[in-house]
Amino acid sequence: MTTPRPNDPPGEDATADIAARLQRVRAEIAAAERRHARPTRSVALLAVSKRQGPDKIRAAHAAGQRLFGESYLQEAIEKQAELAELDLEWHFIGRIQGNKTRAIAERFDWVHSLCELRHARRLAEQRPDGRPPLQVCIQVNLSSESSKGGLPPGAVAEFVNACEDLPRLAVRGLMTLPAPAGTLTEQRAPFRALRRLRDALATPARPLEVLSMGMSDDLEAAIAEGATLVRIGTAVFGPRPTA
Ligand SMILES: *Cc1c(COP(=O)(O)O)cnc(C)c1O
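In this text, all values refer to a predicted model and were calculated from it rather than measured experimentally.

Under the defined criterion, the tally for this structure stands at two aromatic pairs. With 6.2 Å between their ring centres and 45° between their planes, Phe-68 and Trp-90 make a pair best called tilted. Taken together, the positions of Phe-68 in strand β2 (residues 67–70) and Trp-90 in strand β3 (residues 89–92) put the pair 22 residues apart, joining distant regions of the chain. Looking at Trp-90, the relative accessible area reads 8%, which means it is buried.

This is the structure in structure tokens:
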């Protein structure tokens, strides 16, 4: 588990700090919605708590946050156990390992990083019957950066079609994690590409209404291009402990 660093503020200060940060992020989202003619509260906030301890999640929850994103499965499982009494919605946003799909299928509400059909098949098979379908976004690689994971845009249509035949899996939209870019214009390009891809693939029966895009440094660009969910870590929790 994450150990607090000496310069971390203790207990109540940390709670107040996270509440203040959350308030700032929510205000930033609301301002971006207004600036870019998006309906009020059309952008959900996923608090990315990877590498942050359970106390920080508790603090964010106390400040009204309910959606949390995790990238590392083992770490997430430990925190979920410690926070079992809270009503939280868990989103898996990390790289999926083929031998670990069962824990994801059993313990998460959403997966944002689906990009391999064998993973989709296993998640569908392993999703417990008593639970709602696993909500998924397909990760798309728009900056052709091999390190980032995700399907090339040209492969997404076939992948979505294949997923639709799987039980206990609900394809809700697309996700992307672009390379960092400097200017707002540069930041907007991959987000616009994701939205256009979604628009091309959407049908009334399959609206793919979720666009999971935007992080601490590019949330305005993502909201300008139609994000419906931004994944924010640092701006909510502060820098991630490195050890
Ligand atoms: C870590 C992470 C984030 C959050 O990044 P910040 O820059 O801390 O906001 C968002 N999405 C994914 C997939 C991540 O791994």
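On inspection of all chains with the given rule, the structure shows 17 salt bridges. One salt bridge in this structure joins Arg-66 and Glu-89, with 3.8 Å as the shortest N-O distance. Separated by 23 residues along the polypeptide, Arg-66 in the loop between α2 (54–62) and β2 and Glu-89 in strand β3 bring together distant segments of the chain. Using a relative accessible area of 35% as the deciding quantity, one classes Arg-66 as partly exposed. Under the relative-accessibility criterion, Glu-89 is labelled buried at 19%. For the salt bridge of Glu-75 with Lys-79, the shortest nitrogen-to-oxygen distance reads 2.6 Å.

Let's shift gears to the nonpolar core. In this structure, Leu-114, Ile-138 and Val-230 are the most contacted members of the largest nonpolar core, which totals 59 residues. For this core, the leading source of residues is helix α1 (residues 11–35), giving five residues. With residues up to four places along the chain from it excluded, the contact list for Leu-114 reads Ile-96, His-119, Ala-120, Leu-123, Val-136, Cys-137, Ile-138, Gln-139, Phe-159 and Cys-163. Among the nonpolar cores identified, the runner-up in size contains five residues, and Leu-46, Val-48, Leu-67 and Ile-93 belong to it.

Under the local residue numbering, the UniProt record ascribes the feature "modified residue: N6-(pyridoxal phosphate)lysine" (unreviewed entry) to Lys-50. For Lys-50, the location among the structural elements is in the loop between β1 (44–48) and α2. Exposure remark for Lys-50: the relative accessible area of 18% places this residue in the buried category. Not counting residues within four places of it along the chain, the set of residues in contact with Lys-50 comprises Gly-69, Glu-70, Ser-71, Tyr-72, Glu-75, Lys-79 and Arg-240.

Another aspect to go through is the pairing of strand β6 (residues 169–176). With seven of eight residues buried, β6 lies mostly within the body of the structure. Of the pairings in the sheet, the one linking strand β5 (residues 134–140) to β6 comprises seven bridges and is parallel in character. Bridging from a neighbouring strand, Ile-138 pairs with Leu-174 of β6. For β6 and strand β7 (residues 210–212), the ladder comprises three bridges, and the chain directions are parallel.

All right, on to the pairing of β3 then. Neither face of β3 is left uncovered, since the one carrying Glu-89 and His-91 and the one carrying Trp-90 and Phe-92 both have all their residues buried. With helix α3 (residues 73–82) bridging β2 and its parallel neighbour β3, the resulting β-α-β unit is right-handed.

Calculation notes
Residues numbered from 1 in each chain as written. Predicted model: local features only at pLDDT ≥ 70, side-chain atom pairs only at ≥ 80, totals over all residues. Heavy atoms only, no water. Phe/Tyr/Trp six-rings, centres within 6.5 Å; stacked < 30°, edge-to-face > 60°. Helix = DSSP H or I, 4+ residues; strand = E, 2+ residues; numbered from the N terminus. Buried < 20%, exposed > 50% of the residue type's maximum accessible area, 1.4 Å probe, protein only. Salt bridge = Lys/Arg side-chain N within 4 Å of Asp/Glu carboxyl O. Core = buried A, V, L, I, M, F, W, Y, C linked by side-chain atoms within 4.5 Å. Contact = heavy atoms within 4.5 Å. UniProt positions renumbered as here; feature names shortened; annotations may be inferred. Pairing = 2+ DSSP bridges. Right-handed = clockwise from strand over helix to strand, strands pointing away.

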